[in-house]
Each structure stands twice: as C-alpha cells, then as structure tokens.
Number of protein chains: 2
Amino acid sequence: MLKSIKESPLYPIANPESIAFFGASNNISAMGTNLLLSLLDLGFEGAVYPIHPKEERVHNLKAYRSVTDLPEVPDVAVLVLPTRIVCRTMDECGRKGIKHAIVVSGGFKEKGGQGIGLEKELIEIAGRYGIRFLGPNCIGVANPYHRLNTTFIPHEGPSGFIGLASQSGSFITQMFNYLAGYGLGFSTAFSVGNEANIDLVECLEYLGACSRTKVIALYIEGINRGREFVKTARSIVPHKPIVALYIGGSEAGKRAGFSHTGAMAGPDQLYDGIFQQSGVIRAQCITELFDFCWGLGSLPEPRGPKVVIQTHSGGPGAAAADSCGRAGLELPALSGETIEKLSPFVPPTGSVNNPVDLTFTKNPLHFFSEIPGILIDEEKADTLLIYMLNAPQVMRRTLTNMGVPEEQVEGQSSKLIASQAKSLSRLFQNRNKPLVGYTFRSLDEPAIRSIMDQGIPVFRGPERAARTIRALVQYDRMRERILAGTGGPG
Amino acid sequence: MLKSIKESPLYPIANPESIAFFGASNNISAMGTNLLLSLLDLGFEGAVYPIHPKEERVHNLKAYRSVTDLPEVPDVAVLVLPTRIVCRTMDECGRKGIKHAIVVSGGFKEKGGQGIGLEKELIEIAGRYGIRFLGPNCIGVANPYHRLNTTFIPHEGPSGFIGLASQSGSFITQMFNYLAGYGLGFSTAFSVGNEANIDLVECLEYLGACSRTKVIALYIEGINRGREFVKTARSIVPHKPIVALYIGGSEAGKRAGFSHTGAMAGPDQLYDGIFQQSGVIRAQCITELFDFCWGLGSLPEPRGPKVVIQTHSGGPGAAAADSCGRAGLELPALSGETIEKLSPFVPPTGSVNNPVDLTFTKNPLHFFSEIPGILIDEEKADTLLIYMLNAPQVMRRTLTNMGVPEEQVEGQSSKLIASQAKSLSRLFQNRNKPLVGYTFRSLDEPAIRSIMDQGIPVFRGPERAARTIRALVQYDRMRERILAGTGGPG
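Along every chain, residues carry numbers that run from 1 in the direction the sequence is written. Just so you know, chain letters begin at A and ligand numbers begin at 1, following the order they were written in. Per-residue local features of the predicted model are confined to residues with pLDDT of at least 70, and side-chain atom pairs are confined, for both listing and counting, to 80 or more; whole-chain, interface and lining totals are unaffected and use all residues.

A. How the structure looks around the overall build of chain A. Counting from the N terminus, the helices are the DSSP runs of H or I reaching at least four residues and the strands are the DSSP runs of E reaching at least two. Per the secondary structure count, chain A includes 17 helices and 19 strands. The globule rule used here is 2.2 Å times the number of residues to the 0.38 power, and the radius of gyration it is set against is calculated over C-alpha atoms. Here chain A has a C-alpha radius of gyration of 26 Å; the compact-globule value for 490 residues is 23 Å, and the two agree. Considered along the principal axes of its C-alpha atoms, chain A spans approximately 80 × 60 × 40 Å. Counting all 490 residues of chain A, 57% fall into the buried class. Any residue whose C-beta has 12 or fewer other C-beta atoms within 10 Å is treated as exposed, any with 20 or more as buried, and any in between as partly exposed, C-beta atoms being built from the backbone.

Shown next, in the form of structure tokens:
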C-alpha cells in the first residue's frame, strides 16, 4: 500500500504541470489532434508543448521540432504517433529526462507478430531511462479535477467520486455522457491499454489512495498479476469499495476481449473466485457497474438485507418486492408500533404490509416526510426503498383544481418539488440507513432530478435498485470478512 | 378464438360510444373526479353522462341524478363509488339495460372478510342482467386510438402497438410516460382487477384479435384459468407474440401480489412450464417486458441465434459480445467474402473479427451505410447489432474543424444526423433481418432519437439488446413448435 499518493508513478501522469504532446497537428482528422483538442477543451492549466516536425504552431500553441528543444523537462509525454516511430520517440524523451509517458499508439502486442517485438523494445527503452508509462494501445487519462483529459472525446458532465481503471480505452470516453445523466462523474479514469509498464494493479493502488475517489470501478478483460491484485484489493476494501466488470467469462466475450487488448481471459468461475477473495463486488454488465458505484459511493452501509418498500402504486410495489426477493434481500413484516404510527396516513384502500402501499395520500407531502420518517425508525428496516411516481401532470392538475391561478402553477409546482426533495433528504441526514428510490419516469424530470440532487440515487426499474442494495449488503459482508482476516467466501 | 373482435365483451368496453360515469364530482380530491378528468383530457368523443345525486353539472357536463334518467342506454358504466353502494348501482344499471361495466371500486375479494361476500353478490347481480364487467378493484381501460382513458393519470405519448392486460391497475398508468420515452405506446391496455367477471384470458382473446396490437404484454400475479390461458395463447402465438411478466415467483413477490389483488400465486417453475407450453416469452422484470415488446413489435424475425456486432469502440464491443454470449446467442466469424468487402473501410487499428471494430471511420457516413450494408449481406449473420456512439460534440468539432462556419454547424449536424438515420433504415427495408442498436448515450439525443424514429430499437446497454434478440429467437422457435403441433419445451 502507498504511504502517499505522490509515491505512485501515476501521480505525475494524472496531475501533470506540463505535457509534451506528440502526434497532434493542424490536420483535424488525425487522432492526435483530436486528443489535443479534448485536452484544450477542458481548459488544462499547465504547459502544453506540441512536438511537430514541420508546423510552427499547432492549434494556437507554439510547436517544437524536437523534444530536445523544449524549454523545460515536461512531467509527461503523450505519444499518439504511428507505431514505427514510437520507440525512437520514447528514446528521445528519455534523453530529455522525461520520466513519465502515456503511449496511446497501437500496433504492439495486441496486433501479434512484429508488434510483440516492438512492445518488448519499448519496455526495454523505458527501463533504460527509468520511464514509467501507461499503454501502449490506451486512451490515456481523464482527471477532471485537474482539467486533464487526453482522450478522444471532450469531457462532459461534472467531476465525481468514481475512480476507474479500464482495460478498454474508448470505454472511458463513452462513460462521460452516461455518468453525467445520473449526476455522476469520474474522480480519475485510467485506460491501461496493453499494461506494458504500469498495470491495472498500480491504478488500483493509486485510486485506493486518491481522496476524491469514494468507490473504484474496474473494467477487466484479463488480470495478469493475480496475487498482487488480490493483495492490493484487500488492502483497499476495508476503507473503499471496489466494483469490477469482467468481460471474457463468456466464450464470445473472451474472444472479443482477446482481439481487443491481447489480455488473457480465464474462465468465469476463476474470476468469481478472485473477486470473492479480494472483496471485490462483481457487476454483470456496464449498467450494474455504475449502478453499484452510485449506491456504494453515495449511501451509508445497511446493517443487513432487510428492505422496507414504500409505494403508492400496487404493481410497481409488487414488482419491487419480486426484484428484492430475486436479489436475495428480505422483506420483513412491519412491527406493531410502526403500523400504529402509520395508520393516520394509510387510506382504507392501502396496505401496511411490506410493500407499504399507500394507494394515495391526501397530502402529497406526507409521502416524502411523515411516512418515510416513520419507516426509517422501523427497527427491522435496514434499507428503505421508495417508489417515485411524481407525475408532473398530476401535480399540475391538483394545483389547478385547488384554485392556483394558471400562471402560478409552474412556480408552485417547482416549490413543491424542491420542498419534497429537501424534506426527504433531511430525514436521512445523520441516520445510518440507506434510502434508495426507483421510478419508471425519466430521470430528467425535475421531480426526480431534485431528489437525485440531494444525493439520493433513483434507479429506473426496481430490479436495478434491488441489485444495488444487494451490492451494498455484499460490500459490508466482504469488508467484515477481510477485517476479520479470513479469506473464504462470504 | 374470436371470429371477430366485436364478439368480445371487451369491444364495447374499449370502444364505447357513450359512458355513464359514477363517482365523479366537482370535488377534485375524489378518485372518480380524477378518472373523469383523464377521460376528458384525452378528448373522448362519445357522450359522457356523470351520475351524481346532488350536482347539476360535473366539470361542465350535465349531471344526472340517476342512471334511469339518462336519455339513452350507454354502452358502458364506469363505477368509482364507495364499496357499499356498488351492488345497488350495478342493479340500477342492469334495470336501465346497460350490458357492460368497469368497476374501479375496491373493497371486495382483495380485502377478505365481508368483501368476499360482496363480490359474490356483485357477480350474481351482473349475471341476472347479463352484464359483462371488468374489475372490481381495477383502473379500467386505456385505448388511445379511441381517445379513451378511464385511469387515474392523464395519457401521455403516442398510441402504439403494445396491447396490455394487467393484474395491476396503477401499473398501466405508470407506463404511459415510460413507453413514450421510447417512442412507444399502448394499442389498448386493460386493468383486470379481481377478474370477477371478465378475466385475463378474455383480454388475451381481445388483444389477439385487435389489428392495432402487434405484440401482447401481460403483467401477471396469478393465473386462474390455466387450461384456457394455454389454449388461447397457443391460438394467438402463431400470428402475434406474447410476453409475460410474472410477479409472484419469489416469496416476496408472492406475498406482495397476494395482498394486492388477492390472486393466488404459484411456484416460479410452475409458471415457467405454463409459459413454455403456451409459447409465451417470459420477461424477468418490467424493463424486459417492454424491451421485448419493442423488439418483437418492430423487427422481423431472425432466422437464428447468430449475431454480428458492429462497433467503433472496443470496450462497448467486447461488452456486447459478452452480453450476447451470456444470453445464449452466437457470434459467428465473418466469411472471407465479407472480410474482403469490408477491407477498404477498416483502418489498421480496426478488427474484422466479430465484433467488427472499426475504431474510427474516415467518413462517418460509412458507419451507417456501406459498412452495415456489407454486414447485412453476410450469410452467417441472423441479426446485426450496432453500437451507436454518435457523440454530438465530436460531430460539431469535426464540422467546425472542416471549416463549416459556426452559425451553420448546428444545421449541418442535424442534416448529417437525418441522413445517417435514413441511410441505415433504407438498408434494412425489404431485408428480412433485424437491426438492433445499443448505446450509452441518452435516448433523447437527436442522433439516437432519429434512428429510433426510423423504427430501429436502440437499447441503453448491450445486455438489454442481447436479451431482446434472444426473445426474438425464442419467439420464432416457440411459434414453429406450436405450428408443428408439439407441446414440449423448445
């Protein structure tokens, strides 16, 4: 384990003050140009030195003929060059005294044949100069806190608490927009490429030590240093959850992954065992990977698997109960005390079983205040799962029919929405119980968005909510097991 | 099987020319009022007769003291009344000569105790007058083609090709907005409630005969007439797919469903057997239910389980391969002929394995025209699965850097998007191969929306796409089996 994050070879790579950029030009269809534009687009504040054999200026930056001409020794070199000149360029960087690099260029081990030898040569050159590098065949790094993005796609959305290490590069870039849709973002994301020098385990170490990373996501096509992976993960899991997506367990996934980075995939069960031993939570698809990160990074840990469901609609309530059951969660009956406290709020059509189905509430605010307030005190509830219907047209209709003048309906509706969200969030402050929402409405609707803005995850579909709650329970158990020093299955 | 849809007792219920409405008033917090407002909101064009003991007018409609005062015998009576006056009102309707009703009121069998006797009484009264009715304890019917919506929530979105019969009422209403997000909608949706008179099987018969219904969705908490269900489903499946979500298989789902409509749930495996025998495709959650309907209602049937994946991003490609593998689909290697035809379009960084990973294309239009055009001709491809990246900021950046003036970028971008979508859709016209998209971007983005508008489903996440393709393959097999007259598992 790192004593300080600054010990990591990834620290200068993710937080450089100056960058030598190889492969960008004024030709906009060149890959390197696009990477440079992404970097400039995010407003990187350090020095950027394009190296170009002919151009005087590259996208309004002074260009240099050779790395040896640079006025300083930059923290990092980014190489987006044709394969055949990568080794030579790495050598020049070494002679300049550069100690860290990101090699985006492909055409190495992943291509087989000659590429294998070229990669060996690249490793040898870097070794000679003590250069630590990411790649080759990677997309680089995004650290939005440092305004750093060396990927093909401009960064979108906020910075966030998810640290990612990925054996697919393009994957990172395609998650910018995806995460932004949930109000989430990366703390730092690494594309490891062929892992010729810096590998997944070192990324894990860095993210474990990174104070902005609350949860670590791994996209894995094959683990090379299994023993070190387990050891490193076990040192991190007690204080930070790790979620992994392993592509390669299915025959089809294996073949696809192999041609993609040349990593060796192993049987599914082998990886199940590695993750189990490491305390790493396994996601079955990309959707789950980030659903779990959302829950683990924003919710307190539940004490156990007992869930109480609050709904005002029977079908979605039953579907949530079914999803919880299938996810191995429990739905305890409510205590007599809770049932008594709830009674003034439950109409004759309602039910105080679990799901608590209110069918409707005379005062819609009760659904976000008094009722969850009672349920959160239920001893038997480890987690509260709330159905978010929040149909805006129903709210508008109610307000209109209550005599609110047409021109005030929108404003009143917004006020009501804000007060619902705040009331819900207030209830859960200083309580060590997770509150999870689910809905079938668009997450972009103001009523849903305002609840998410309070840090409450709202999932589309109860099955996603239930599996995320299971991941929370699983994390708690894995952590306990590691802290107890046992290695067996939990 | 029905000779004509007009033989169904549900025909006048779903297509009434006149409605007697019990339980609506000028009190906006009353349930009945809300249902009437939903009906008026959709612009129902037939006659609506509110029956109210005191009011002269109800929401600008002339109100009647008693059903006997009505100027005609309405096609349908909608009852949203307190339980204690439902039987009496049904009797009055019978005396007026009304032959069809929707009983929304609850408090019957689902409540147990006295409710059981009340439901028997209701059945007995209806029988005496030959009244066929939906409910009690249901939400009624939505038939947007007829501008009919007797539910609590105003209808949203387009009418569509999904016919639904649901044992949860509120479920229907909450799917209006959900389906609209995918450009989908109901042809007709029935809430069956306690099924005291008209049941799920009769809804299935109706939807099987409904020409606007291309695919039938069932939300099931428990099937009462098992033998008739199987027989009816088997008569429909050869010409129309049926997808069912069964809530009640898990212990938690079972208990929730029971308290919800009082239906008897059975073990999960029993229902697996019923669906298998009926040729019904089983969905595991609400998301799958409508994903499957989307695919089955809008795509041709694949000849088999072989999928070719087209991507320009390795990670999402590998994830799709993995998802297909886990869904039991096959990823054949491309034929030599296809590989040869593709070669001018694949850069050195790309791969012509399956997934076909282009990494990038010099001309972005190729991704939507030449390349899928070659792949669709591949003999070994039963289905084509395409990754939709379509990042708008990349397109804008490319256009800007190509020298398109700032003020024209938006317009050019829109044109390009439209031409991509049209080109893709043109390729698949008159081909009997399904084309499915997947993405991690928001479905609301113009580039994705325009492809969906061409009738091509685009799923968020490859796992949803893969499971939907599996459902298409499964439907084809089940249909063949039924047409061959065998009943065993496929």
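B. Layout of the domain arrangement of chain A. Residue and element names in this part refer to chain A. By domain assignment, chain A separates into domain 1 (5-296) and domain 2 (300-472). Between the C-alpha centres of domain 1 and domain 2 the distance comes to 40 Å. The contact rule is simple: place each C-beta atom from the backbone, and if two of them lie within 7 Å, those residues are in contact. The interface is formed by 10 residues belonging to domain 1 together with 11 residues belonging to domain 2. The element that contributes the greatest number of residues to the side of domain 1 that touches domain 2 is helix α10 (residues 286-298), accounting for 6 residues. Here the nonpolar group is Ala, Val, Leu, Ile, Met, Phe, Trp, Tyr, Cys and Pro; Asp, Glu, Lys and Arg are the charged ones; every other residue, Gly included, is treated as polar. Its residues assigned to classes, the side of domain 1 that touches domain 2 comprises 5 nonpolar, 3 polar and 2 charged. Bear in mind that the domain bounds are from an automatic or database domain assignment.

C. Focus on the relation of the copies chain B and chain A. The copies were overlaid by least squares, fitting only the C-alpha atoms of residues that reach a pLDDT of 70 or more in each copy. The two copies are related by a screw operation: chain B maps onto chain A through 180° of rotation and 0.0 Å of translation along the axis, at an RMSD of 0.0 Å. Seen this way, the second copy is the image of the first under a two-fold rotation axis. With an isologous cut-off of 70% or more, the 100% of interface residues of chain B that recur at the interface of chain A puts this contact in the isologous class.

D. Structural view of the interface of chain B and chain A. Facing the 62 residues of chain B at the interface are 62 residues of chain A. Mapped by element, the contributors of at least two residues to the side of chain B that touches chain A are α5 (169-180), α8 (251-261), α10 (286-298), α11 (314-326) and α14 (392-401) of chain B. The element contributing the most residues to the side of chain B that touches chain A is α11(B), with 12 residues. Looking at the side of chain B that touches chain A residue by residue, the classes come out as 25 nonpolar, 28 polar and 9 charged.

E. Focus on the environment of Leu427(B). Residues and elements named next belong to chain B. In this structure, Leu427 sits in helix α15 (residues 406-428). Taking the C-alpha atoms as reference, Leu427 lies 6.2 Å from Gly373; in sequence the two are 54 residues apart. Beyond its immediate chain neighbours, meaning those up to four positions away, Leu427 contacts Pro372, Gly373 and Ile376.

F. How the structure looks around helix α4 (residues 114-129) of chain A. All names here are of chain A. One less than the residue count of a helix, multiplied by 1.5 Å, gives the span that helix is expected to have. When the terminal C-alpha atoms of α4 are compared, their 23 Å separation across 16 residues agrees well with the 22 Å that a helix rising 1.5 Å per residue should span. Along α4, the residues that are buried comprise Leu118, Glu119, Leu122, Ile125 and Ala126. Projection of α4 onto a plane perpendicular to its axis shows the buried side chains occupying an angular sector of 125°, all on one side. Within α4, the exposed residues directed more than 90 degrees away from the buried face are Gly117, Glu124, Gly127 and Arg128. Buried residues belonging to α4 abut α3 (86-96) and β7 (132-134). With its phi angle positive at about 70°, Gly130 sits one or two positions after the end of α4. As used here, the arc is the angular range of directions from the helix axis to the C-beta atoms.

G. Broad picture of the sheet that holds strand β6 (residues 100-103) of chain A. Residues and elements named next belong to chain A. In space, the 5 strands of this open sheet follow the order β2-β1-β5-β6-β7, with parallel pairing throughout. Two strands lie at the open edges of the sheet, namely β2 (47-51) and β7, each paired on one side alone. Direction aside, the axes of adjacent strands within the sheet are offset by 20° on average. Think of it this way: DSSP has to see at least two bridges between two strands before they count as a pair. In this structure, strand β1 (residues 18-22) lies alongside strand β5 (residues 76-79), joined through 4 bridges in parallel fashion. In the strand pairing of β5, Phe21 is matched with Val78. Axis angles are defined between N-to-C directions and span 0 to 180 degrees, where every axis is a line fitted to C-alpha atoms and, for a helix, only to the segment in contact.

H. Representation of the nonpolar core within the structure. Think of a nonpolar core as buried Ala, Val, Leu, Ile, Met, Phe, Trp, Tyr and Cys residues, each tied to the set through C-beta atoms within 7 Å. Ranked by size, the top nonpolar core spans 310 residues in total, and within it Ala101(A), Ile102(A), Val243(A), Ala101(B), Ile102(B) and Val243(B) carry the most contacts. If we ignore the near neighbours within four places in the chain, the residues touching Val243(B) are Val215(B), Ala217(B), Ile281(B), Ala283(B), Leu289(B), Phe292(B), Cys293(B) and Leu296(B).

I. Seen up close, the pairing of β6(A). All names here are of chain A. Residues His100 and Ile102 line one face of β6 and the alternating positions Ala101 and Val103 line the opposite face, and both faces are buried. Bridging between β5 and β6 involves 3 bridges; their strand directions are parallel. The residue bridging Leu79 from the neighbouring strand is Val103, located in β6. If you view a crossover with the strands going away from you and the path from the first strand over the helix to the second runs clockwise, you call it right-handed. Taken together, β5, α3 and β6 form a β-α-β motif whose crossover is right-handed. At this point the chain moves from β6, through α4, to the parallel β7, and the crossover so formed is right-handed.

J. Local environment of the sheet that holds strand β2 (residues 47-51) of chain B. Residues and elements named next belong to chain B. The strand order across the open sheet formed by 5 strands is β2-β1-β5-β6-β7, and the pairing between neighbours is parallel. The outermost strands of the open sheet, each flanked by one partner alone, are β2 and β7 (132-134). Averaged over neighbouring strand pairs, the angle between their axes works out to 20° when direction is ignored.

K. Geometry of the pairing of strand β13 (residues 242-246) of chain B. Residues and elements named next belong to chain B. Of all 5 residues that make up β13, 5 are buried, and the element is covered over most of its length. With burial as the criterion, each face of β13 is covered, one bearing Ile242, Ala244 and Tyr246 and the other bearing Val243 and Leu245. In the sheet, strand β12 (residues 215-220) pairs with β13 via 5 bridges, with the strands oriented parallel. Paired with Ala217 across the strands is Val243, a residue of β13. For the crossover from β12 across helix α7 (residues 226-236) to β13, the handedness is right-handed. The pairing of β13 with strand β14 (residues 281-283) spans 3 bridges and is classified as parallel. Its bridge partner lying in β14, Ala244 is registered against Arg282.

L. Highlighting helix α6 (residues 200-209) of chain B. Burial within α6(B) is extensive, with 10 of its 10 residues counted as buried. Residues of α6(B) that are buried sit in contact with α1 (10-14), β10 (162-166), β11 (186-191), β12 and α7 of chain B.

M. How the structure looks around the packing of α6(B) against α7(B). Residues and elements named next belong to chain B. Running from amino to carboxyl end, α6 crosses α7 at an angle of 10°, the nearest separation of the two axes being 10 Å. One finds that α6 runs roughly parallel with respect to α7. When α6 is examined against α7, the residues Val201, Leu204, Glu205 and Gly208 are found in contact with a partner set consisting of Glu228, Phe229, Thr232, Ala233 and Ile236. Taken together, the residues of the contact of α6 with α7 break down into 5 nonpolar, 2 polar and 2 charged. Angles below 35 degrees are treated as roughly parallel, those above 145 as roughly antiparallel, those between 65 and 115 as roughly perpendicular, and all remaining angles as oblique.

N. Broad picture of the confidence of the model for chain A. Note: pLDDT gives the predictor's confidence per residue, expressed from 0 to 100. Here chain A shows a mean pLDDT of 92. Residues at 70 or above account for 95%. Predicted as a complex, the structure gets a pTM of 0.92 and an ipTM equal to 0.89.

O. Just the packing of α15(B) against helix α16 (residues 446-453) of chain B, in detail. Residues and elements named next belong to chain B. Following both chains from N to C, one finds α15 and α16 inclined at 30°, their axes separated by 9 Å at the closest point. Note on packing geometry: the crossing formed by α15 with α16 is right-handed. Two secondary-structure elements touch here, α15 through Ser414, Ile417, Ala418, Ala421 and Leu424 and α16 through Pro446, Ala447, Ser450, Ile451 and Asp453. In this scheme the crossing of two helices becomes right-handed for a clockwise turn of the near helix relative to the far one and left-handed for an anticlockwise turn of less than a right angle.

P. The arrangement of the environment of Ala333(A) in detail. Following the sequence through the fold, Ala333(A) ends up in the loop between α11 (314-326) and α12 (336-342). Owing to 13 C-beta atoms within 10 Å, Ala333(A) belongs among the partly exposed residues under this scheme.

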